[in-house]
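Coordinate analysis (summary)
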Amino acid sequence: MPDLTPSVLFNRILGRVRLKHLQLAIAIADLQSLHRAASSIGLSQPAATHALVELESSLGGPLFERHSKGMRLTRLGEAVLPLLRASLVPLQAAAGNAALMQQGAASALIRIGSIAAGINGLLTVAIPTYVAAHPDAAIDVHEVTIDNLLESIQEGTLDLAICREPSPLPQGFGFRAALQDGFVVVCRPQHPLTRQATVTAAELLAQRWLAPPLTGLGPQQVESLFDELGGVPELCRVSSRSTEIMHAMLADSDMLACAPASLVRPLVQRGELAVLPCNSQAVGPLGVLAKAEVLAHQTHPSQSFITHVLAVGGGLRH
């Protein structure tokens, strides 16, 4: 029997595996039953049994094992199931784009992933103005963490991301800076310190502060700020990336918080938070992350939106 190299398996899959096989495997994993899985995708049990045998034969081993309560993944199944799921996502996106075009949409769907700062600082401004200029635009936005952005773009579930530049920038990706940013000190608009033209380090350290998120840039920026101030104030040990939590914690207290200007921009504009007059902590700019080929392809469906985001970001100040 020849070695099952990746190329041998890939060619075997191309020749033997059909989309129904993938649907079946995913349904079995979700429902833990061949019978229920077959019913859910419109196959008879004999047809489903035959399809599973074909798929497992193509992949070189069993994906499932039977147990007293149904079926569960083998080690091979655990390894390949996430990839089988991911393989259907571009097809779902293609179907979505095809449906939009058939319904008369002027352009394909633009799928955007963004960190919270990107949504608050850039997209809340860029998307309304873009849609005003392109009424038929179709845009789908997901708030995601930086950890998932690269993988989602690579898998084809996102066209681009609004985030800070990853370091190092992975091969095959490009980044275009759009909005300069910095960490600022915020509080409720009625805080006594907002009535002062300047605020001293002693006055800042005398306040209680909301703890930064436990991961990301927050801890580093807050530590740097406290180093500049020359001390560590009392902390409220509630940490969250949610601006709603931040606002709720500051709204009825005299606590302070340190956060990216981009993240708190909508709350400051609505008068729900105020920025104190003290030096901001520099941080990398927000921008557009995408595959290099997308950024270089002037006729790519996302190119018009990318150009608009860069222009909007250049007109904003943190």
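Attention in this report is confined to the structure presented alongside it.

Rules used in this analysis
Residues numbered from 1 in each chain as written. Predicted model: local features only at pLDDT ≥ 70, side-chain atom pairs only at ≥ 80, totals over all residues. Heavy atoms only, no water. Helix = DSSP H or I, 4+ residues; strand = E, 2+ residues; numbered from the N terminus. Rg over C-alpha atoms; globule rule 2.2 N^0.38 Å. Buried < 20%, exposed > 50% of the residue type's maximum accessible area, 1.4 Å probe, protein only. Contact = heavy atoms within 4.5 Å. Areas by Shrake-Rupley, 256 points an atom, 1.4 Å probe, with all protein chains shown as cover. Lys, Arg positive; Asp, Glu negative; His and termini not counted. Charge placed at Lys NZ, Arg CZ, Asp CG, Glu CD. Axes fitted to C-alpha atoms, helices over the stretch in contact; angles between N-to-C directions. Parallel < 35°, antiparallel > 145°, perpendicular 65-115°, else oblique. Left-handed = near helix turned anticlockwise from the far one by under 90°. Nonpolar A, V, L, I, M, F, W, Y, C, P; charged D, E, K, R; others polar. Core = buried A, V, L, I, M, F, W, Y, C linked by side-chain atoms within 4.5 Å. Salt bridge = Lys/Arg side-chain N within 4 Å of Asp/Glu carboxyl O. Phe/Tyr/Trp six-rings, centres within 6.5 Å; stacked < 30°, edge-to-face > 60°.

1. Considering the overall build of the protein
- Looking only at helices and strands, the protein features 13 helices and 11 strands.
- Taking 20 Å as the expected radius of gyration for a compact globule of 318 residues, we find that the protein reaches 25 Å, considerably beyond that expectation.
- In terms of overall dimensions, the protein has a C-alpha envelope of 80 × 50 × 35 Å along the principal axes.
- In the protein, which comprises 318 residues, the share counted as buried stands at 43%.
- If you take every contact in the protein between residues at least 6 apart in sequence, the share linking residues at least 24 apart comes to 73%.
- For the protein, the exposed surface amounts to about 16,700 Å²; the carbon and sulfur share of it is 55%.
- Separation between the mean location of the 22 positive side-chain charges and that of the 25 negative ones in the protein comes to 7 Å.

2. Let's talk about the packing of helix 6 (residues 116-133) against helix 11 (residues 261-269)
- Two elements in contact, helix 6 and helix 11, have axes separated by 7 Å at closest approach and are oriented at 55°. When the axes of helix 6 and helix 11 are compared, the pair comes out oblique. The chirality of how helix 6 crosses helix 11 is left-handed. Together, Ala116, Ala117, Asn120 and Gly121 of helix 6 and Ser262, Leu263, Arg265 and Pro266 of helix 11 make up the contact between the two elements.
- Of the residues belonging to the contact of helix 6 with helix 11, the class tally is 4 nonpolar, 3 polar and 1 charged.

3. With respect to the nonpolar core
- Among the nonpolar cores identified, the biggest contains 34 residues, and Leu160, Ile162, Phe305 and Val309 are the most heavily contacted of them.
- Those elements that provide at least two residues to this core are strand 3 (110-114), helix 6, helix 7 (146-155), strand 5 (160-164), strand 6 (173-187), strand 11 (281-291), helix 12 (292-296) and helix 13 (303-315).
- In terms of residue count, the dominant contributor to this core is helix 6 (8 residues).
- When near neighbours in sequence (up to four residues on either side) are disregarded, Phe305 contacts Ile110, Ile112, Leu123, Ile127, Tyr130 and Ile139.

4. A word on the pattern of salt bridges
- Tallying each qualifying case throughout the model produces 8 salt bridges.
- Between Arg188 and Asp254 there is a salt bridge whose closest N-O contact spans 2.8 Å. Of this pair, Arg188 sits in the loop between strand 6 and helix 8 (201-205) while Asp254 sits in the loop between helix 10 (243-251) and strand 9 (257-260); the two residues are 66 residues apart in sequence, bridging distant segments of the chain.
- According to the relative accessible area criterion, Asp254 is partly exposed, its value standing at 32%.

5. Focus on the packing of aromatic side chains
- A full pass over the atoms with the stated rule returns 2 aromatic pairs.
- On the numbers, 5.1 Å between centres and 85° between planes, the contact of Tyr130 with Phe305 is edge-to-face. Taken together, the residues Tyr130 in helix 6 and Phe305 in helix 13 connect sequence positions 175 residues apart. Each member of the pair, Tyr130 as well as Phe305, carries the same accessibility label: buried.
- Geometrically, the ring pair formed by Trp209 and Phe226 is edge-to-face, given 5.2 Å between the ring centres and 90° between the ring planes. Residue Trp209 is found in strand 7 (residues 209-210), and its partner Phe226 is found in helix 9 (residues 218-229); the two are separated by 17 residues along the sequence. With respect to class, Trp209 is no different from Phe226; both count as buried.

Taken by themselves, the reported measurements are silent on function.
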